Amino acid sequence: MTTDMNRRIVLASRPHGEPRPENFRLEEVPVPQPGPGQVLLRTRWLSLDPYMRGRMSDAKSYAAPVEIGAPITAETVGEVVASNHPDYAVGEMLTAFAGWQDYFVTDGKGSRKVDPAAAPPSTALGVLGMPGMTAYTGLLNIGRPKFGETVVVAAAAGPVGSLVGQIAKIHGARAVGIAGGPEKCRYLTEELGFDAAVDHRGPDLPGALAAACPKGIDVYFENVGGAVFAAVMPLLNPFARIPVCGLVSAYNATEVPPGPDRLPGLMRAVLTNRLHIQGFIVWDFAEQAETFRKEVAGWIQDGRVRYREDVVEGLENAPEAFMGLLKGRNFGKLVVRVS
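In this report, we go over the structure that sits alongside the text. (Residues numbered from 1 in each chain as written. Predicted model: local features only at pLDDT ≥ 70, side-chain atom pairs only at ≥ 80, totals over all residues. Heavy atoms only, no water.)

**Brief notes about the nonpolar core**
So, step 1. Ranked by internal contacts, the top residues of the largest apolar core, which has 60 residues, are Leu46, Leu48, Trp100 and Phe322.
So, step 2. Here this core takes 6 residues from helix H2 (residues 130-143), the largest share from any one element.
So, step 3. Apart from residues no more than four positions distant in its own chain, Leu46 is found in contact with Ala74, Glu75, Thr76, Gly99, Trp100, Leu125, Leu315, Ala318, Leu334, Val335, Val336 and Val338.
So, step 4. Residues Ile178, Ala196, Ile217 and Phe229 belong to the second largest nonpolar core, which totals 24 residues. (Core = buried A, V, L, I, M, F, W, Y, C linked by side-chain atoms within 4.5 Å. Buried < 20%, exposed > 50% of the residue type's maximum accessible area, 1.4 Å probe, protein only. Helix = DSSP H or I, 4+ residues; strand = E, 2+ residues; numbered from the N terminus. Contact = heavy atoms within 4.5 Å.)

This is the structure we're talking about:
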């Protein structure tokens, strides 16, 4: 058993608008001890994802909010440092929703073993984890790309968007990514094989997107919303499919954005173009998890899928990194190397 203290970052107050440093508190508490049928995990890798902003709010949602004074919700990869469970040995690596902290006790439910020899453990939080599965299940179940169609994805340099585009290419579609800045756009076309990339920070997003999609858009994978969706909507072809897994542009909003009411135009487009718009949560397709991991791992091995990680060192730097994530500062899957 360890005698170290357990550092954890808790929700000190609920953010109003953009999260600020005072919304987080780093504290130390005794390390929890595993009971019968439990193991003690030492967090090695911590995932930072946009959905965490929603968990910091007490508004009604698909999941319960983080309580004030509780560690921020997050999936982790941890090493078993003490075990009272017959299925888990000291030294093994497990995923767990341990949150922003050094140690966590679990009975193993909802966890899976991670083999460091098969892939870097951090990939269990990215391309072979929840973001990767979000891309895989959302695109293939809802987007259903066909050969020769145009697939557009927002936040395309992130862990979800980058895999969406690569899977679209594997299925014979044309992939167009929307990302922030020339460096990310070059990464999409030169390293990941996207057919085109559009900088949403450029002077004419609607015009640039229209030029990149001369035959319109058949599948739009929505991660962002806001001005990006406004540029996409006029280009949607009849029977276009729109998987919606995130709306990061609105996560820090405190009021309805100014401007005209665009809902009537959207609903008319839904009707006249027979659009299929479906929101989803990755666990809606939980039964596909093993198929996803097996297929994407194979694509990584044969070079058809590539991934990028943005690694932050130290648990204490998680709040600043998370605040940057919501502003698009990360480049690739954002993970914290805790220890």
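**Brief notes about the sheet that holds strand E11 (residues 217-221)**
So, step 1. Spatially, the 6 strands line up as an open sheet ordered E10-E9-E8-E11-E12-E13, and their pairing is parallel. The open sheet is flanked by strand E10 (196-199) and strand E13 (276-279), the only strands paired with a single partner. Across this sheet, the average inter-strand angle for adjacent strands is 15°, counted without regard to direction.
So, step 2. The strands touched by helix H4 (residues 182-191) are strand E9 (174-179) and E10; relative to E10, the strand with the most contacts, the crossing angle is about 170°. (Pairing = 2+ DSSP bridges. Axes fitted to C-alpha atoms, helices over the stretch in contact; angles between N-to-C directions.)

**A closer look at helix H3 (residues 159-170)**
So, step 1. Its 12 residues give H3 an end-to-end C-alpha distance of 17 Å, which sits within 8% of 16 Å, the value for a rise of 1.5 Å per residue.
So, step 2. Judged by how many residues are buried, H3 sits mostly within the fold: 9 of 12 residues are covered.
So, step 3. For H3, the elements touching its buried residues are H2, strand E8 (150-153), E9, E11 and helix H8 (289-301).
So, step 4. Gly172 sits one or two residues past H3 and shows a positive phi near 85°. (Expected span 1.5 Å × (residues − 1).)

**Quick notes on the pattern of salt bridges**
So, step 1. Applying the stated criterion across every chain yields a total of 17 salt bridges.
So, step 2. We note a salt bridge from Glu149 to Arg241, for which the minimum N-O separation is 2.6 Å. Placement of Glu149 in the loop between H2 and E8 and of Arg241 in strand E12 (residues 236-244) is noted, with a sequence separation of 92 residues between them. For the pair formed by Glu149 and Arg241, the shared burial category is buried.
So, step 3. Here Arg337 and Glu313 are joined by a salt bridge, their closest N and O atoms 2.7 Å apart. Note that Arg337 is positioned in strand E15 (residues 333-337) and Glu313 in strand E14 (residues 309-313), a separation of 24 residues in sequence. (Salt bridge = Lys/Arg side-chain N within 4 Å of Asp/Glu carboxyl O.)

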